[in-house]
Amino acid sequence: MLFSTDEGYIDEEMLSPVAHVGGDQRAIVARTVREREELAYKILASLPRASLAVLQSRIAPLLKLDIVGLLPTEVALHVFSYLPYQSLLTCALVSRRWRVLADDQSLWKSLCLERKWEWRAPPDAFQREAGTCTSEHPADHDSDSDDEGMGDEEDDDDNMQVDDSSFVSAFMDIDDDGPPQAAASSSAARLSVPIHLLTAAAQSSTSSSSSTRPMRSPRARHSAPSMLQSPAAAHPTLKPDFKLLHQTHVRLRNRFAAGSYTLSNLQTRGAPNSHSNTIYCLQLYTYPETGTQVLFTGSKDRTIREWDLATGSVIRVLDGVHESSVLSICVYRGLLASASSDRRVVVWDLAKDQPIKVIREHEDSVLCVRFDDKRLVSCSKDRTVRTYLFPDLAPQHVLNAHRAAVNAVSISNNHITSVSGDRSLRLWDVETGALLRTFENHHRRGIASIDYKHPFVLSGSSDKHIRLLDLNTSQGWSTSPSADNKVPVTARAVVCEACGSATSGGETPQPPPRRRAHEDLVRSVALNSEVVVSGSYDFTVKVWDRQTGALIADLAGGHTGRIFCVGFDCTKIVSCGEDQRICIWDFSHGIETSFIKL
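**Considering the overall build of the protein chain**
Helix and strand content of the protein chain: 10 helices and 32 strands. Within the protein chain, the proportion of its 598 residues that are buried is 50%. By sequence separation, contacts in the protein chain at least 24 residues apart represent 55% of the contacts at least 6 residues apart.

As structure tokens, this is what we get:
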């Protein structure tokens, strides 16, 4: 006999509580929350463990609440504004909503402004033909290699033979217990410099192209000269991308920390239209109207040259005024000041391409010149510092407390700092000319170089060491093991170039790195908020951590003679010296940097 299926009958001994619940959902809703909790617990208690695990995975998302995501956008962005950039990158991985918040341009713009990192609007680009350089000649050796940009140290012998600028300090040792003694320089090789006929290719500064690497788009911002090949770079977007700007700066900073660079020469000995003698000074300069970065150099050949960093060619030559070596230059807001061993300071108008003021007040070689919006400051082998007020550069003060040649000066925050062969560092009031502080025996020998970014003063000396001093706290560090106020140095970790995260090199703790000091006089120093750069007679450029003094990079192999000047920005270091080379240590290789304002 056949029986039809009875859909109203279930052949089970006991009905599940779910069957009753499914029969009357309205009754369940009518219960109180407490009653529903008890009912749900009884149902869950009746289920096997496997079913509970499945339900747990289904219930877990219901327990999550994105509090930040539910906030109004303005409030959520305010919360995110307190996070460091590493946390913002992590937040962007949480959800789509958080990614939108973490990538908001206002957050990254604020982070960039804290570091004074600015977006560069692409200027009008001009194509230039790539310049070429002949192969360099091996360095010849003779006795004509005295550094005119350094003055005498205190108690030096006045009867020593010197060149036309009366320089004697580079080869003198000061013995605290006795008279000065002649010392052998580590750069004993003397370079004879062939004199070439200079062909000044006069070009207007307004037609200079954006500072680009060769074979790249005109907007690409790389420092390598035209002799080097580089991959083509994409044109920068017109709309500022501050997250991209910040991440690029972080990558560049990590390149410095890892010592990752490419080396190229902007000039080598005997190149066409280049300097024909020792190069004493240089400065990177960005034209505010176009954003184009160029390089100015001053030489023993009595000329100042402006270089196109994109092509490696000379844009213009400033000459015919100085009668001897150009020892120092300073470029700012369309003006260039040059100091010479002819005792003159000349101020040039770059737009008019001519000198507008010649100052002849020092009684010996002018070793350094600096200026800001209000005044010009110069120092000399005559042991004085002189100040002049804009716009007419009328004399203001004569500061004469030093006991030996004043080798370098710097201006910052209404103060002037000066260093001398008398081993002292002095701090002056720019308005009154009053001597505010004196740091006697700041180095064990004469001080050759200085850079000042208030409140930090960085100095380099013929004692082969550099020293950083915080004027507010009188604390700092030095590469000299005998210096006081040393800041402890932590072990250097392996740094990820992309994100900046650091990992230890292994499970065994590493000892603090030794500060490997220069092996000869430190002729030039420069600093920013993160690193310190120094150039020495030992043919090397070194990069140091500004906060700890730890050695980051030791740049060797670029020069075959003493280094006289270094300069740098966030993408590169530039150095020059007696071998007539201009070396570019490029840390931006392979990174698009055309949108970075230098």
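**Notes on the packing of aromatic side chains**
The final tally for this structure, using the stated rule, is 12 aromatic pairs. Aromatic rings pair up to connect F256, Y261, W585 and F587 into one cluster. Taking NZ or CZ as reference, R546 lies 4.2 Å from the ring centre of F456, over its face. Directly above the ring of Y537 sits R562, whose terminal nitrogen or CZ lies 4.6 Å from the centroid.

**With respect to the environment of L77**
With respect to the helices and strands, the residue L77 is situated in helix α6 (residues 73–80). The spatial distance from the C-alpha of L77 to the C-alpha of S106 is 8.5 Å, given a sequence separation of 29 residues. Apart from the residues within four sequence positions on either side, L77 is in contact with L101, D104, S106 and L107.

**A word on a nonpolar patch on the surface**
Together, I59, L62 and L63 make up a nonpolar patch on the protein surface, roughly 350 Å² of accessible area in all. Tracing the chain through its elements places L63 in helix α4 (residues 49–63).

**Concerning the pattern of salt bridges**
Going through the model one piece at a time under the given rule, you end up with 21 salt bridges. Note that R99 and D103 form a salt bridge whose closest N and O atoms lie 3.8 Å from each other. You can call R99 partly exposed: its relative accessible area is 43%. The residue R426 makes a salt bridge to D422 at a minimum N-O spacing of 3.8 Å. There is no split in this pair, since R426 and D422 are both buried. Residues joined in a network through salt bridges with shared partners are R403, D422, R426 and E440.

**A look at the sheet that holds strand β17 (residues 415–420)**
Within the open sheet, the four strands sit side by side as β16-β17-β18-β19. Their pairing is antiparallel. Looking at strand neighbours, the two that pair on one side only are β16 (406–412) and β19 (435–439), the edges of this open sheet. Neighbour-to-neighbour, the strand axes of the sheet open up by a mean angle of 15°, direction not taken into account. Note that β17 and strand β18 (residues 425–429) share five bridges and pair antiparallel. Opposite T417, over in β18, you have L427 as the bridge partner.

**Overview of the nonpolar core**
V68, F80, L88, L101, W108, F242 and L245 are the most contacted members of the largest nonpolar core, which totals 24 residues. Broken down by secondary-structure element, the contributors of at least two residues to this core are α6, α7 (85–91), α8 (96–102), α9 (105–114) and α10 (242–258). For W108, the residues in contact, after removing those within four places along its chain, are Y85, L88, L89, A102, D103, F242, K243 and H246. Counting residues in each nonpolar core, the second largest holds 22 residues, with V406, V409, V457 and L469 among its members.

**Some remarks on the packing of α9 against α10**
At a minimum axis separation of 8 Å, α9 and α10 run at an interaxial angle of 40°. Looking at the two axes, α9 sits oblique to α10. Like other packed secondary-structure pairs, α9 and α10 cross with a definite hand, here left-handed. Residues Q105, W108, K109, L111 and C112 of α9 touch α10, and the partners they reach there are F242, K243, L245 and H246.

**Observations concerning the environment of L318**
Mapped onto the fold, L318 is located in strand β7 (residues 314–318). By relative accessible area, which is 5% here, L318 ends up buried. Here L318 is in contact with R302, T303, I304, L336, W348, L350 and D353, once residues within four sequence places are set aside.

**A look at unusual backbone geometry**
The residue after F390, namely P391, is reached through a cis peptide bond having omega 10°. The residue P391 is located in the loop between β14 (385–389) and β15 (394–399) in this model. The omega torsion of the bond from H454 to P455 falls at 5°, within 30 degrees of zero and hence cis. Here P455 shows up in the loop between β20 (447–453) and β21 (456–461). In this model, L393 sits at a positive phi of 55°, which is unusual for a non-glycine residue. When you line up the elements, L393 lands in the loop between β14 and β15.

**Brief notes about α9**
In an α-helix there are 3.6 residues to a turn, and that puts residues three or four apart on one side. Considered for burial, the residues of α9 that qualify are L107, W108, L111 and C112. The arc that holds the buried residues of α9, viewed along the axis, is 135°, so those residues lie on one side. Two residues or fewer past α9, K116 is found with a positive phi of approximately 60°.

**Description of the sheet that holds strand β8 (residues 326–332)**
In spatial order, the strands read β8-β9-β10-β11; together these four strands make up an open sheet with antiparallel pairing. Each edge of the open sheet carries a strand with a single partner, namely β8 and β11 (354–359). Across the sheet, the mean angle separating the axes of adjacent strands is 20° when strand polarity is ignored. Examined bridge by bridge, strand β9 (residues 335–340) and strand β10 (residues 345–349) share five bridges and lie antiparallel to one another. Residue pairing in the sheet places S338 in a bridge with V346 of β10.

**Thoughts on the pairing of strand β4 (residues 279–286)**
Among the eight residues that make up β4, seven are buried, leaving the element largely enclosed by the rest of the structure. With seven bridges connecting them, β4 and strand β5 (residues 293–299) associate as antiparallel partners. The partner of I279 across the bridge, within β5, is S299. Turn length for the β4-β5 hairpin, with the two strands adjacent in sequence and antiparallel, is six residues, and the turn residue G291 shows positive phi of about 75°.

Rules used in this analysis
Residues numbered from 1 in each chain as written. Predicted model: local features only at pLDDT ≥ 70, side-chain atom pairs only at ≥ 80, totals over all residues. Heavy atoms only, no water. Helix = DSSP H or I, 4+ residues; strand = E, 2+ residues; numbered from the N terminus. Buried < 20%, exposed > 50% of the residue type's maximum accessible area, 1.4 Å probe, protein only. Contact = heavy atoms within 4.5 Å. Phe/Tyr/Trp six-rings, centres within 6.5 Å; stacked < 30°, edge-to-face > 60°. Lys NZ or Arg CZ within 6 Å of the ring centre and 35° of its normal. Patch = residues over 30% accessible without salt bridge, like charges linked within 9 Å, V, L, I, M, F, W, Y side chains within 5 Å. Areas by Shrake-Rupley, 256 points an atom, 1.4 Å probe, with all protein chains shown as cover. Salt bridge = Lys/Arg side-chain N within 4 Å of Asp/Glu carboxyl O. Pairing = 2+ DSSP bridges. Axes fitted to C-alpha atoms, helices over the stretch in contact; angles between N-to-C directions. Core = buried A, V, L, I, M, F, W, Y, C linked by side-chain atoms within 4.5 Å. Parallel < 35°, antiparallel > 145°, perpendicular 65-115°, else oblique. Left-handed = near helix turned anticlockwise from the far one by under 90°. Arc of directions from axis to C-beta.

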